[in-house]
Amino acid sequence: MITITKDNFSIKQICESGQCFRLERLDTPGKWCDAGMGSGIGMSRGMGEESYRLTAFGKYLEIAQEGNQLFFDCTQEEFESLWKSYFDLEEDYGRIIASIDGEDDYLFNAASYGSGIRILRQDLWEMIVSFIVSQQNNIKRIRKCISLLCRRYGEEKAAASGEVYYDFPTAKALAGASFEDLYACNLGYRSRYIHETAVSIAEGAVDLEAVRKMDYPAAKAELMKLCGVGIKVAECICLFALHKTEAFPVDTHINKVLTAQYPSGFPFDRYKGYAGTLQQYIFYYDLMNG
């Protein structure tokens, strides 16, 4: 069990923010109650309200939160090699929030509301598929589609605790899937996009290792060669997989806010290099407050 203290971190807000679709709340406190988590606070039944599980990079993680204390059910080695970077724990999000223009009440309120959000460093292939699925879709349905894909085409694994989980399916696995089977995962018209993109990756038409090394404009252009990947999807992939925090995806939520709050344009020059982080605050604020 790894315990750390971290400000500007909310596992609940990260889960709800629309960037990660295999992070989910645990319905019961489970072992967190039994473990005690070193200080006795894990004995509280309420801990289950802030207990989550995640599958990423072939690993299974349970994480709980009590105030600004975070509890990772993993080894120190796994935490240092994977989860510290995955959750962007070394970035100072307080500094980013403090940089907001004092006269921009909307952005300040949005950042204050979603101040626990962090930009995750997720798997590139998983984000390509996830954000193709996200087109004309809502978060609940996206989660269901991704879960079905993983159960049907991902490798079944078991965590040290015995918990069974499914790895994200490989490009080869999805390239070999029939359209009928993909439709059965509630993908609809996106089935063709997923299949053709998987074939492109499996056959090497687009080299994901090369994409990982590209700068933002080059990576965005390369991703847009994939079937079903337009500007907005490419920007989401760049932001949530490649950690290109200058990427600023514009969907219906963001477009509505830009029209209402920034008729002369968003001040990208002021926030050069981290406009994408602010985009997540705006998206979450509008998503949760309608």
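Worth saying up front: this structure is predicted, and the values here are computed from it rather than measured.

Participant: Is there a simple way to explain the sheet that holds strand S1 (residues 2-5) in this structure?
Facilitator: Sheet strands pair via backbone hydrogen bonds, and the direction of the pair is either parallel or antiparallel. Within the open sheet, the five strands sit side by side as S1-S5-S4-S3-S2. Their pairing is antiparallel. The two strands at the open ends of the sheet, each matched to only one other strand, are S1 and strand S2 (23-25). Taking each pair of neighbouring strands and ignoring which way they run, the sheet shows an average axis angle of 25°. The sheet contact formed by strand S4 (residues 59-66) and strand S5 (residues 69-72) spans four bridges and is antiparallel. Paired with Glu 66 across the strands is Gln 69, a residue of S5.

Participant: For this particular structure, what's the right way to read helix H6 (residues 124-133)?
Facilitator: Along H6, 10 of the 10 residues are buried, which leaves the element largely enclosed by surrounding structure. Of the positions making up H6, those classed as buried are Leu 124, Trp 125, Glu 126, Met 127, Ile 128, Val 129, Ser 130, Phe 131, Ile 132 and Val 133. In this structure, the buried side of H6 is in contact with helix H7 (139-153), helix H8 (171-175), helix H10 (190-202), helix H11 (208-212), helix H12 (216-223) and helix H13 (231-240).

Participant: Just checking my understanding: could you explain the side chain of Asp 167 for this structure?
Facilitator: Following the sequence through the fold, Asp 167 ends up in the loop between strand S7 (164-166) and H8. By relative accessible area, which is 18% here, Asp 167 ends up buried. Among the polar contacts made by the side chain of Asp 167, one reaches the side chain of Lys 157 at a distance of 3.4 Å. Ignoring sequence-local partners within four residues, the contact set of Asp 167 consists of Arg 22, Gly 58, Cys 150, Gly 154, Glu 155 and Lys 157.

Participant: I'm lost on the packing of aromatic side chains in this one. Help?
Facilitator: Inspection of the entire model under this criterion finds 20 aromatic pairs. With a centroid separation of 6.4 Å and 85° between ring planes, the pair formed by Phe 57 and Tyr 86 is classed as edge-to-face. Of the two residues, Phe 57 is situated in the loop between strand S3 (51-56) and S4 and Tyr 86 in helix H3 (residues 76-86); the sequence distance between them amounts to 29 residues. When its relative accessible area of 41% is taken as the criterion, Phe 57 is described as partly exposed. Within the aromatic cluster, the residues linked to one another by ring pairs are Phe 9, Phe 57, Phe 72, Phe 79, Trp 83, Tyr 86 and Phe 87.

Participant: Could you clarify how one ought to interpret the pattern of salt bridges in this entry?
Facilitator: Close approach of charged atoms allows side chains with opposite charge to pair. The full count for this structure, using the stated rule, is 14 salt bridges. Note that Glu 24 and Arg 53 form a salt bridge whose closest N and O atoms lie 2.7 Å from each other. Here Glu 24, found in strand S2, pairs with Arg 53, found in strand S3; they are 29 residues apart in sequence, far enough to count as distant. Take Arg 53: its relative accessible area is 26%, and that puts it in the partly exposed class. Here the salt bridges do not stand alone but share partners, grouping Glu 24, Arg 53 and Glu 163 into one network.

Participant: Looking at this structure, how should I read the packing of helix H14 (residues 252-261) against helix H15 (residues 275-289)?
Facilitator: Any two packed helices are characterised by how steeply their axes cross, that is the angle between the axes, and by the distance between the axes. Where H14 meets H15, the closest approach of the two axes is 9 Å, and the angle between their N-to-C directions is 95°. On the basis of their axis angle, the class for H14 and H15 is roughly perpendicular. From H14, His 253, Ile 254, Lys 256 and Val 257 reach across to H15, where they touch Gln 279, Ile 282, Phe 283, Asp 286 and Leu 287. Of the residues assigned to the contact of H14 with H15, the class counts are five nonpolar, two polar and two charged.

Participant: Help me out: how do you make sense of the side chain of Arg 190 in this one?
Facilitator: Structurally, the position occupied by Arg 190 is in helix H10. An unpaired buried charge is present at Arg 190: no salt bridge exists, and Asp 251, the closest side chain of opposite charge, is 13 Å distant. Side-chain polar atoms of Arg 190 contact the backbone oxygen of Leu 187, separated by 3.0 Å. The residues touching Arg 190, leaving out its near neighbours within four places in the chain, are Ile 132, Val 133, Gln 135, Gln 136 and Asn 137.

Rules used in this analysis
- Residues numbered from 1 in each chain as written.
- Predicted model: local features only at pLDDT ≥ 70, side-chain atom pairs only at ≥ 80, totals over all residues.
- Heavy atoms only, no water.
- Pairing = 2+ DSSP bridges.
- Helix = DSSP H or I, 4+ residues; strand = E, 2+ residues; numbered from the N terminus.
- Axes fitted to C-alpha atoms, helices over the stretch in contact; angles between N-to-C directions.
- Buried < 20%, exposed > 50% of the residue type's maximum accessible area, 1.4 Å probe, protein only.
- Contact = heavy atoms within 4.5 Å.
- Polar contact = N/O pair within 3.5 Å; in protein donor to acceptor, adjacent residues only side chain to side chain.
- Phe/Tyr/Trp six-rings, centres within 6.5 Å; stacked < 30°, edge-to-face > 60°.
- Salt bridge = Lys/Arg side-chain N within 4 Å of Asp/Glu carboxyl O.
- Parallel < 35°, antiparallel > 145°, perpendicular 65-115°, else oblique.
- Nonpolar A, V, L, I, M, F, W, Y, C, P; charged D, E, K, R; others polar.
- Lys, Arg positive; Asp, Glu negative; His and termini not counted.

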